[in-house]
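Chain residues, written in single-letter form:
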Amino acid sequence: MLALLTFQAVIVPASSAKPSPAMQLLQRMMKLQEKGYMYGHQDDPFYGITWEWKLGRSDTYELVGDYPAVMGFDLGGLEKGDQKNLDSVPFTRIREEIVRHYERGGIITVSWHPRNPLLGTTAWIGNDTTAYNEAVAALRKVGRNDLVAALDNPKHTVASVLPGGKAHDRFMQWLSRIANFLTSLKDGKGRQIPLIFRPYHENTGAWFWWGNDNCTVRQYQDMWNMTQDFINGQGNLKDCIVWSYSPTWSSPDALKRYPGDDRVDLLGSDIYQWGSKADFQKQLSAELSLLEKLGKEHGKLTALTECGYQNSPDPTWWQSVFKPVIEKYKFVYFLPWRNYSKEHFGASKDAATAEDFKAWAKQKNFLFLKDIK
């Protein structure tokens, strides 16, 4: 992939070929990292804490008078040919908003929560394990232990999508749908839109079918490589995608499963506060310390690719909990997860943290859309 160390000078010599759109995006983000942190938000233009599906609305804009610098979108469900993603967002609308944000000068990041291609269930392994355990119990109850090994175990899923596996052909069709959507992302002049693509994230946990308890290191890397090689082979996507790898870096499995410097452009971390303030700050500091160290060692940009505190129970959270930790480290952006009526993570005038966030947003090193143009 596009190692950061190869373009630290930023300026491309006159004799060099024009850098690819992906390289230009990386160069741009490297410059912006010197200015501060970009604010990102998942599904920002689709719905907020008190509204949904209203064109032109944004919880971020309505609070600070500007859009997020980075917008996140998810393609889960597209692989099956669905018209809407796993969060009920129409893919036609996702395409429109990606183009709209890119043309206003913003940066795009795309995640993917694919369904289980072997079992036909969700990306989350917990649902699959329940069905599997019930099937095992039923067979054993009637004395057919000999048939248990033939069941589609959720831990067989990653192996099943690799060449020769039971779900390989189906999964390649899924990848084709993902690639077709990505190649359809063109600006008003017909140019391919560069973006950050973040597949198979949080792989050091056990909750997704690609998690560390559900496949070997080699199987995970083989699936990553197969996915990347296929997508990069479609149209000019190879020149337009920044590949993001986002595990929990404090896990010993994070580097073991790392696909390699030649296959990753950006190192990310997904981290939320689920427990106490002290525990979260300790974990966040440990993650960012590792992320910063590894970014330097591997010549990669780094980011908090998901973060937040569900439903804002602490009205001063942004500046009293989050900010004191992150300001000790350098990374390019942080992206709170989506806002909607039952659950929210990002900034909003309707959140208890509204005034706290608005005050922080006035600082020069806090970057929104207008700050990165």
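Owing to the predicted nature of the structure, the values given are computational and were not obtained by experimental measurement. (Residues numbered from 1 in each chain as written. Predicted model: local features only at pLDDT ≥ 70, side-chain atom pairs only at ≥ 80, totals over all residues. Heavy atoms only, no water.)

A.B. asks: Would you mind showing me how to read the overall build of the protein here?
C.D. replies: A tally of regular secondary structure across the protein gives 12 helices and 11 strands. The C-alpha atoms of the protein give 21 Å as radius of gyration, which agrees with the globular expectation for 373 residues (21 Å, within 12%). Taken along its principal axes, the extent of the C-alpha atoms in the protein is 70 × 55 × 40 Å. Expressed as a percentage of its 373 residues, the buried residues of the protein come to 57%. (Helix = DSSP H or I, 4+ residues; strand = E, 2+ residues; numbered from the N terminus. Rg over C-alpha atoms; globule rule 2.2 N^0.38 Å. Buried < 20%, exposed > 50% of the residue type's maximum accessible area, 1.4 Å probe, protein only.)

A.B. asks: Got a minute to help me understand the packing of aromatic side chains in this structure?
C.D. replies: The geometry of an aromatic ring pair is captured by the separation of the ring centres together with the interplanar angle, meaning the angle of the planes. Scanning the entire structure with this criterion turns up 47 aromatic pairs. With 6.3 Å between their ring centres and 80° between their planes, Trp-274 and Phe-345 make a pair best called edge-to-face. You can see Trp-274 sitting in the loop between strand 6 (266-273) and helix 9 (277-298) and its partner Phe-345 sitting in the loop between strand 10 (343-344) and helix 11 (354-360), a full 71 residues away along the chain. Of the residues examined, Phe-345 reaches a relative accessible area of 4% and is grouped as buried. Feature note: the residues Tyr-39, Phe-280, Tyr-309, Trp-317, Trp-318, Phe-322, Phe-334, Phe-357, Trp-360, Phe-366 and Phe-368 constitute an aromatic cluster, connected by ring pairs. (Phe/Tyr/Trp six-rings, centres within 6.5 Å; stacked < 30°, edge-to-face > 60°.)

A.B. asks: Any chance you could explain the layout of surface pockets here in plain terms?
C.D. replies: Where empty space is left can be seen by rolling a probe of water-molecule size over the atoms. The space that makes up the largest pocket amounts to roughly 480 Å³. Lining the largest pocket we find 21 residues, and of these Glu-202, Tyr-272, Trp-274, Glu-306 and Trp-337 sit closest to its centre. Counting residues per element, the lining of the largest pocket draws most heavily on strand 6, which supplies 3 residues. Of the residues in the lining of the largest pocket, the class split is 9 nonpolar, 5 polar and 7 charged. Contributing to the lining of the second largest pocket are Lys-18, Pro-21, Gln-24, Leu-25, Arg-28, Tyr-102, Gly-106, Ile-107, Ile-108, Arg-191, Gln-192 and Pro-194. Elements that contribute at least two residues to the lining of the second largest pocket include exactly helix 1 (21-35) and strand 3 (107-112). For the lining of the second largest pocket, the element with the most residues is helix 1, which contributes 4 residues. (1 Å grid on protein atoms, 1.4 Å probe; cavity = no way out; pocket = protein on both sides within 12 Å on 5 of 7 lines; lining within 4 Å. Points joined across faces, edges and corners; volume = space filled by probe spheres on them. Nonpolar A, V, L, I, M, F, W, Y, C, P; charged D, E, K, R; others polar.)

A.B. asks: Honestly, the pattern of salt bridges in this entry has me stumped. Any pointers?
C.D. replies: Side chains that carry opposite charge are capable of pairing whenever their charged atoms lie near each other. Enumeration over the complete set of coordinates arrives at 16 salt bridges. The partner of Arg-57 in a salt bridge is Glu-62, and the shortest N-O contact between them spans 2.7 Å. The class of Glu-62 is partly exposed, set by a relative accessible area of 30%. (Salt bridge = Lys/Arg side-chain N within 4 Å of Asp/Glu carboxyl O.)

A.B. asks: What is the right way to read the environment of Arg-177 from this model?
C.D. replies: With respect to the helices, strands and loops of the structure, Arg-177 is situated in helix 6 (residues 168-183). Arg-177 has contacts with Leu-78, Glu-79, Lys-80 and Gly-81, leaving out every residue within four places of it along the chain. (Contact = heavy atoms within 4.5 Å.)

A.B. asks: Would you mind going over a nonpolar patch on the surface with me for this structure?
C.D. replies: Taken together, the side chains of Leu-86, Trp-124 and Trp-207 define a hydrophobic patch exposed on the protein surface, amounting to about 280 Å² of accessible area. Of note, Leu-86 is situated in the loop between strand 2 (70-74) and helix 3 (91-103). Overall, the relative accessible area of 34% leaves Leu-86 in the partly exposed class. (Patch = residues over 30% accessible without salt bridge, like charges linked within 9 Å, V, L, I, M, F, W, Y side chains within 5 Å. Areas by Shrake-Rupley, 256 points an atom, 1.4 Å probe, with all protein chains shown as cover.)

A.B. asks: Would you take a moment to explain the packing of helix 9 against helix 10 (residues 317-326) for this structure?
C.D. replies: When two helices pack together, you describe them by how their axes are tilted relative to each other and by the distance separating the axes. At a minimum axis distance of 9 Å, the contact between helix 9 and helix 10 shows a crossing angle of 30°. Relative to helix 10, helix 9 is oriented roughly parallel. Crossing of helix 9 against helix 10: the hand is right-handed. Here Lys-277, Phe-280, Gln-281, Leu-284, Ser-285 and Leu-288 of helix 9 lie close against helix 10, whose contacting residues are Trp-317, Ser-320, Val-321, Phe-322, Val-325 and Ile-326. Among the residues making up the contact of helix 9 with helix 10, the classes are represented as 8 nonpolar, 3 polar and 1 charged. (Axes fitted to C-alpha atoms, helices over the stretch in contact; angles between N-to-C directions. Parallel < 35°, antiparallel > 145°, perpendicular 65-115°, else oblique. Left-handed = near helix turned anticlockwise from the far one by under 90°.)

A.B. asks: Please explain helix 4 (residues 125-141) as it appears in this structure.
C.D. replies: Because each turn of an α-helix spans 3.6 residues, side chains separated by three or four positions end up pointing in the same direction. Compared with an ideal rise of 1.5 Å per residue, which puts 17 residues at 24 Å, helix 4 spans 24 Å between its outermost C-alpha atoms and is within 8% of the ideal. Along helix 4, the residues classified as buried are Ile-125, Asp-128, Tyr-132, Val-136 and Leu-139. The buried residues of helix 4 occupy one face: seen down the axis, they fall within an arc of 65°. Away from its buried face, by an angle of more than 90 degrees, helix 4 presents the exposed residues Glu-134 and Lys-141. (Expected span 1.5 Å × (residues − 1). Arc of directions from axis to C-beta.)

A.B. asks: Would you mind going over the nonpolar core with me for this structure?
C.D. replies: Where a protein is soluble and globular, its nonpolar side chains tend to be buried together. Phe-322, Ile-326, Phe-334 and Phe-357 are the most contacted members of the largest nonpolar core, which has 80 residues in total. Take this core: its biggest share by element is 8 residues, from helix 6. Once you skip the residues sitting within four places of it in the chain, Ile-326 turns out to touch Tyr-37, Leu-284, Leu-288, Leu-304, Phe-331, Phe-334 and Trp-360. Grouped together as the second largest cluster of nonpolar side chains are 23 residues, Leu-266, Ala-303, Leu-367 and Ile-372 included. (Core = buried A, V, L, I, M, F, W, Y, C linked by side-chain atoms within 4.5 Å.)

A.B. asks: In this structure, what is going on with the side chain of Asn-225? I would like to understand it.
C.D. replies: With respect to the element layout, Asn-225 can be found in helix 7 (residues 217-232). Owing to a relative accessible area of 19%, Asn-225 belongs among the buried residues under this scheme. Contacts of Asn-225, omitting those with residues within four sequence positions, involve Pro-259 and Arg-263.

A.B. asks: Please clarify how the pairing of strand 7 (residues 301-309) should be interpreted in this entry.
C.D. replies: Strand residues, when the strand is regular, have side chains that alternate between the two faces of the sheet. Counted residue by residue, strand 7 has 9 buried out of 9 residues, so it is predominantly covered. For the segment spanning strand 6, helix 9 and strand 7, crossover handedness is right-handed. Direction of pairing for strand 7 relative to strand 8 (residues 333-336): parallel, over a ladder of 2 bridges. Of the residues in strand 8, the one forming a bridge with Cys-307 is Pro-336. Assessed by its sense of winding, the connection that carries the chain from strand 7 through helix 10 to strand 8 is right-handed. (Right-handed = clockwise from strand over helix to strand, strands pointing away. Pairing = 2+ DSSP bridges.)

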